[in-house]
Amino acid sequence: MTVTTKESRDVIKTVDEVVDEFHARSEELIPILMKLNQELGFISSEALERISTRMHIPQSQVYSVASFYHMINTKPTGRHVIKFCESAPCHVAGGREVWEAVQKELEIKPEETSKDGKWTLKTTSCLGVCAVGPVMMVDDDIYGNLTPDQLPDIFAKYQ
Amino acid sequence: MTALQAELAAKGLADEVKVLETPRIGDCEKGPEILVYPENYHYIGLSVKDIPFLVEEQFLKGRPVTNLLAPPKKEEAQELREPTAKEVRVVLRNCGKINPENIEDYIAEDGYSALAKVITSMDSDQVIDTVKNSGLRGRGGAGFLTALKWGFTRDAVGDIRYIVCNADEGDPGAFMNRAVLEGDPHSVIEGMIIAAYAIGAQQGYIYCRAEYPIAVRTLEIAIEQARDLGLLGEHIFGTDFSFDLEVRQGAGAFVCGEETALIASIEGRRGEPRPRPPFPAVKGLFGKPTNINNVETYANIPQIILNGAEWFASMGTEKSKGTKTFALAGDVKKTGLIEVPFGITLRDIIFDVGGGIKDDLQFKAVQTGGPMGGCLPAEYLDLPMDYEKLTQAGSIMGSGGMVVMDEGTCMVDIARFFLEFIQDESCGKCVPCRVGTRRMLEILTRICEGNGREGDIELLEELSVEIRQDSLCGLGQGAPNPVVSTLQHFRDEYEIHIRDKKCPAKVCRALISYEIDPENCVGCTLCARNCPVDAISGEAKKTHVIDLDLCIRCGICNQVCNYNAVNVTT
């Protein structure tokens with residue numbers, strides 16, 4: 001049995017609101033998951049259970065959809081998410097050096113969250129701004145024409 | 001301004017120089033400013049006392065006053081430049097010229113007049129015939145004839161039909177569709193409405209990747225504005241034709257650009273492809289006949305209707321008509337978006353439109369067609385670009401990504417890199433793609449790490465054939481392409497990696513080493529201070545030495561050295 005804490009009541013309330021917004025239509029499952037991902041940070045097992053109940057879709061199926069798409073998290077993330085573009089145009093424009101410098105600077109590996117819960121490091125598919133590669137996103141901010149020495153200043157902007 | 005006019009009149013130049021008032025030229029904080037045409041001199045920080053001298057020098061003697069000129073702007077990487085002589089703008093004609101968030105701007109450029117023409121004076125057959133005669137082929141990559149696809153969807157059995165726009169532009173290095181969606185969204189919407197009219201669809205979806213938030217927002221504004229003017233919705237132009245559009249976002253899965261995976265994703269399922277047939281034209285979205293075209297394909301439609309099929313067919317080659325947008329990236333001077341007629345050579349694209357190779361290094365290869373495309377070496381530079389010619393050369397047209405590589409690129413590393421991408425994006429449904437690409441990646445990785453074995457090349461070739469034949473969708477079938485094309489054109493590089501354990505381009509870390517050139521080293525200690533593993537030793541003002549056992553080949557010493565004293569060898 002799940003113990004309903006204050007936090008979990010919030011999760012359920014949020015899920016209900018979002019599901020209602022999209023009229024619980026099964027073809028809206030991906031927009032629903034995206035919105036919840038944005039509001040909750042990730043899709044917890046609790047959220048998963050509630051989505052399944054409300055939308056009459058088996059939990060296994062909700063999880064299979066959530067885990068399929070890169071932009072939907074099924075694990076908690078840090079306060080800030082770095083998405084580094086690892087595509088070829090960025091790679092040939094000096095991306096490899098920057099990518100290694102990011103990992104060194106934050107002392108985390110791809111798909112990891114730093115111990116203080118501040119950073120999660122991810123790679124992303126092409127962001128389509130290849131004319132200014134190498135490129136990375138920190139939360140919703142895009143940084144282009146990156147060089148390793150710019151990184152400390154960029155990271156210092158985030159608390 | 002008054003002082004300027006007075007001074008011009010005093011010098012008898014009032015009739016020769018016209019003074020125009022203009023809002024904001026550039027940096028307001030450095031005003032007042034003057035722009036002088038046709039020379040395009042930009043003067044800033046002017047005061048009344050500067051005027052007599054300025055008029056005397058500039059207008060009477062024709063010399064610029066250098067101390068008042070604005071500092072030249074640093075040339076930044078621009079996405080869309082002024083077109084060069086070799087370019088023709090059809091799809092990109094409005095990009096950067098109109099306000100994409102204002103439908104009136106689009107209408108002022110003949111927007112929606114193609115739709116009016118279609119609805120008021122053409123029937124379905126006439127629309128499809130016009131598109132057929134234009135020779136338009138799918139711009140998503142495969143190059144299927146658009147009119148044929150429309151005909152199949154129209155003639156398929158079913159009461160409801162859908163129109164889908166594939167805006168899931170996921171190929172690394174490709175951003176042509178994003179530019180159109182963000183710069184001229186109505187051209188895509190108008191193209192879709194015309195397609196809906198020809199096919200008999202009432203509902204359409206634009207599937208746009210979530211990595212393009214601005215494109216999604218621009219599209220939503222555009223759809224809303226079109227709806228307000230009665231261009232979308234019930235009884236368009238007062239006829240019985242009704243059609244509406246919705247934007248659906250992806251969630252970060254490359255494979256959703258494949259049409260059956262895209263359909264699954266719109267339906268709210270995992271974006272996994274399914275075998276075809278049945279093709280979406282027969283059984284697509286929600287099981288109904290569905291026409292799926294790419295952004296650029298739809299954006300061409302209004303122009304074809306307005307200017308006629310003959311106009312469109314007059315551009316391009318025998319089998320590839322019209323223009324194609326490309327995103328130029330990599331080691332080329334002018335990166336960014338271009339639109340050129342089919343039939344142009346790669347040389348013209350790279351060296352004329354693209355301005356040549358960065359730092360004037362040697363051209364090595366160009367990669368076309370995205371991750372499932374191929375790399376073409378210098379001997380293909382004079383190849384006229386069209387769907388068939390590229391396929392014959394071992395690459396593909398794809399959606400229009402074009403990555404230029406200079407002599408410092410290792411082709412084995414590039415092949416490994418693309419395979420890594422494909423392996424990451426494989427949806428995992430079918431074995432040849434899921435397991436096969438993993439095996440290929442393992443082999444490529446060991447070659448790059450200096451552990452390549454005799455027989456590896458043959459094994460890669462064998463895997464390529466199997467994966468190409470047996471994969472379910474285009475992603476798997478195209479997955480071996482980067483390896484096949486680099487093996488075809490750069491086989492010797494693979495052999496040198498495997499047999500000599502050397503990387504000719506000096507890229508693969510395990511196969512290179514760094515050494516300090518005693519001739520150039522002045523003993524500044526900069527490299528030693530920056531080495532992350534303390535592998536460099538030496539006293540100040542004396543030649544330094546790298547301990548190769550400790551060195552991790554990170555290359556920092558090479559980057560920081562101001563005396564060009566760190567050499568890379570293989």
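As the structure is a prediction and not an experimental result, all values here were calculated from the model. (Residues numbered from 1 in each chain as written. Chains lettered and ligands numbered in written order. Predicted model: local features only at pLDDT ≥ 70, side-chain atom pairs only at ≥ 80, totals over all residues.)

Undergrad: Give a description of the overall build of chain B that names residues and reports values.
TA: Scanning chain B for helices and strands turns up 21 helices and 15 strands. By its C-alpha atoms, chain B is 85 × 85 × 40 Å across when sized along the principal axes. Out of the 570 residues belonging to chain B, those deemed buried represent 49%. A separation threshold of at least 6 residues defines the contact pool for chain B, and within that pool the share at least 24 residues apart is 70%. (Helix = DSSP H or I, 4+ residues; strand = E, 2+ residues; numbered from the N terminus. Buried ≥ 20, exposed ≤ 12 C-beta atoms within 10 Å, placed from the backbone. Contact = placed C-beta atoms within 7 Å.)

Undergrad: Just give me the short version of the domain arrangement of chain A, but keep the residues and values in it.
TA: Quoted interface sizes are often the accessible area lost when the parts come together. Structurally, chain A comprises domain 1 (6-68) and domain 2 (80-156). Computed from C-alpha coordinates alone, the two centres of domain 1 of chain A and domain 2 of chain A are separated by 29 Å. (Domains from an automatic or database assignment.)

Undergrad: I'd like a description of the environment of Arg491 of chain B, backed by residues and values.
TA: Residues and elements named next belong to chain B. Structurally, Arg491 can be placed in helix α19 (residues 481-500). Under the C-beta neighbour-count criterion, Arg491 is labelled exposed, with 12 such atoms within 10 Å. Counting along the chain gives 70 residues from Arg491 to Cys561, while the straight-line C-alpha distance between them is 34 Å.

Undergrad: So what about the domain arrangement of chain B? Which residues, and what values?
TA: All names here are of chain B. Along its sequence, chain B is carved into domain 1 (2-68), domain 2 (103-313), domain 3 (323-406), domain 4 (411-500) and domain 5 (512-569). Each of domain 3 and domain 4 was reduced to a C-alpha centroid, and the two centroids are 22 Å apart. Across the contact, eleven residues belong to domain 3 and 16 residues belong to domain 4. At four residues, the largest contribution of residues to the side of domain 3 that touches domain 4 is made by strand β10 (residues 374-377). Residues of the side of domain 3 that touches domain 4, tallied by class, amount to seven nonpolar, four polar and no charged. (Nonpolar A, V, L, I, M, F, W, Y, C, P; charged D, E, K, R; others polar.)

Undergrad: An account of the sheet that holds β10 of chain B is requested, with residue identities and associated values reported.
TA: Picture the strands of a sheet paired through backbone hydrogen bonds; they go either parallel or antiparallel. All names here are of chain B. Taking strand neighbours across the sheet as the criterion, the five strands line up as β8-β7-β11-β9-β10 in an open arrangement whose pairing is mixed. Every other strand in the sheet has two partners, leaving β8 (336-341) and β10 as the edge strands with one partner each. Adjacent strand axes in the sheet meet at a mean angle of 30°, parallel and antiparallel pairs treated alike. Sheet topology places strand β9 (residues 363-368) next to β10; four bridges connect them, and they run antiparallel. Residue Thr368 lies in a different strand from β10, and its bridge partner there is Gly374. (Pairing = 2+ DSSP bridges. Axes fitted to C-alpha atoms, helices over the stretch in contact; angles between N-to-C directions.)

Undergrad: Break down the sheet that holds strand β2 (residues 119-124) of chain A for me, citing the residues and quoting the values.
TA: All names here are of chain A. Read across the sheet, four strands follow the order β2-β1-β3-β4 without closing on themselves; strand pairing throughout is mixed. Edge positions in the sheet fall to β2 and β4 (141-143), since each has one partner strand and no second. For this sheet, the mean angle separating the axes of adjacent strands, direction not counted, is 20°. One ladder, built from three bridges, connects strand β1 (residues 80-85) with strand β3 (residues 136-138); its direction is antiparallel. Bridging across to β3, Ile82 finds its partner in Val138. Against the sheet, helix α5 (residues 88-106) touches β1 and β2, its axis set at about 150° to β1.

Undergrad: Requested: an account of the confidence of the model for chain A, with residues and values cited.
TA: Counting all residues, the mean pLDDT for chain A is 89, and 96% of those residues have values of 70 or more. Of all helices and strands in chain A, the one with the weakest mean pLDDT is α5 of chain A (86), whereas helix α3 (residues 45-55) of chain A scores best (96). (pLDDT = per-residue confidence, 0-100.)

Undergrad: Which residues make up the packing of helix α15 (residues 411-425) of chain B against helix α16 (residues 431-448) of chain B, and what values do they have?
TA: All names here are of chain B. Where α15 meets α16, the axes come as close as 9 Å, and the angle between the chain directions of the two elements is 150°. Considered as vectors, α15 and α16 are oriented roughly antiparallel to each other. Handedness of the α15/α16 crossing: left-handed. Here α15 contributes Val412, Asp413, Ala415, Arg416, Leu419, Glu420, Ile422 and Gln423 to the contact with α16, which in turn contributes Thr437, Arg438, Met440, Leu441, Leu444, Thr445, Ile447 and Cys448. For the contact of α15 with α16, the residue count by class is nine nonpolar, three polar and four charged. (Parallel < 35°, antiparallel > 145°, perpendicular 65-115°, else oblique. Left-handed = near helix turned anticlockwise from the far one by under 90°.)

Undergrad: Outline helix α6 (residues 146-155) of chain B, supporting the account with residue identities and numerical values.
TA: It helps to recall that an α-helix has 3.6 residues per turn; residues three or four apart then point in one direction. Residue and element names in this part refer to chain B. For α6, the buried fraction is high: seven of the ten residues fall into the buried class. Those residues of α6 not exposed but buried are Thr146, Ala147, Lys149, Trp150, Gly151, Thr153 and Arg154. Summarising the contacts, the buried residues of α6 are in contact with α5 (124-134), α8 (185-199), β6 (290-294) and α11 (295-307).

Undergrad: Tell me about the interface of chain B and chain A, residues and numbers included.
TA: If you look at the interface, chain B gives 35 residues, while chain A gives 27 residues. Sorting the residues of the side of chain B that touches chain A by element identifies α10 (259-266), β7 (323-330), β11 (401-406) and α15 of chain B as the ones contributing at least two each. Here the side of chain B that touches chain A takes three residues from β7 of chain B, the largest share from any one element.

Undergrad: Could you give an account of the nonpolar core, naming the residues involved and the relevant values?
TA: Core analysis: the largest hydrophobic core is formed by 183 residues, its most contacted members being Leu33 of chain A together with Val180, Met192, Ile193, Ile194, Ala195 and Ala327 of chain B. Ranked by residues supplied to this core, first place goes to α8 of chain B with ten residues. If we ignore the near neighbours within four places in the chain, the residues touching Ile194 of chain B are Ala114, Leu115, Val118, Val127, Ile301, Pro302 and Ile305 of chain B. (Core = buried A, V, L, I, M, F, W, Y, C linked by C-beta atoms within 7 Å.)

Undergrad: Which residues make up the confidence of the model for chain B, and what are the values?
TA: Residues and elements named next belong to chain B. Confidence in the prediction of chain B, expressed as mean pLDDT, is 91, and 96% of residues score 70 or more. Element-level pLDDT for chain B is lowest in strand β1 (residues 34-36), with a mean of 74, against a maximum mean of 98 in α8. Here the predicted complex carries an ipTM of 0.84, next to a pTM of 0.83.

Undergrad: Now, about the environment of Met176 of chain B: what can you tell me, with residues and values included?
TA: Residue and element names in this part refer to chain B. By secondary structure assignment, the location of Met176 is in helix α7 (residues 176-183). In this structure Met176 comes out as buried when scored by C-beta crowding, with 28 C-beta atoms within 10 Å. Between the C-alpha atom of Met176 and that of Leu13, which follows or precedes it by 163 residues, the distance is 48 Å. Contact partners of Met176, with chain neighbours within four places excluded, come to Glu296, Thr325, Phe326, Ala327, Leu337 and Gly400.

Undergrad: Just give me the short version of the pairing of strand β4 (residues 203-208) of chain B, but keep the residues and values in it.
TA: All names here are of chain B. Across the six residues that make up β4, a large majority, five, are buried. Sheet topology places strand β3 (residues 162-167) next to β4; six bridges connect them, and they run parallel. Paired with Asn166 across the two strands is Tyr207, which belongs to β4. Sheet topology places β4 next to strand β5 (residues 244-249); six bridges connect them, and they run parallel. Opposite Ile206, over in β5, you have Val247 as the bridge partner. Crossover connection from β4 via helix α9 (residues 213-228) to parallel β5: handedness right-handed. (Right-handed = clockwise from strand over helix to strand, strands pointing away.)

Undergrad: Any chance you could break down the pairing of β1 of chain A for me, citing the residues and the numbers?
TA: All names here are of chain A. Two elements, β1 and β2, share six bridges in a ladder whose sense is parallel. Across the sheet, residue Cys85 finds its bridge partner in β2, namely Thr124. Since β1 and β2 lie parallel, the crossover through α5 that links them has a hand, and here it is right-handed.

Undergrad: Would you mind going over the environment of Gln61 of chain A in detail, with residue names and values included?
TA: All names here are of chain A. Note that Gln61 resides in helix α4 (residues 59-68). Take Gln61: there are 16 C-beta atoms within 10 Å of it, and that puts it in the partly exposed class. Considered as a pair, Gln61 and Leu48 are 13 residues apart in the sequence and their alpha carbons are 9.9 Å apart.

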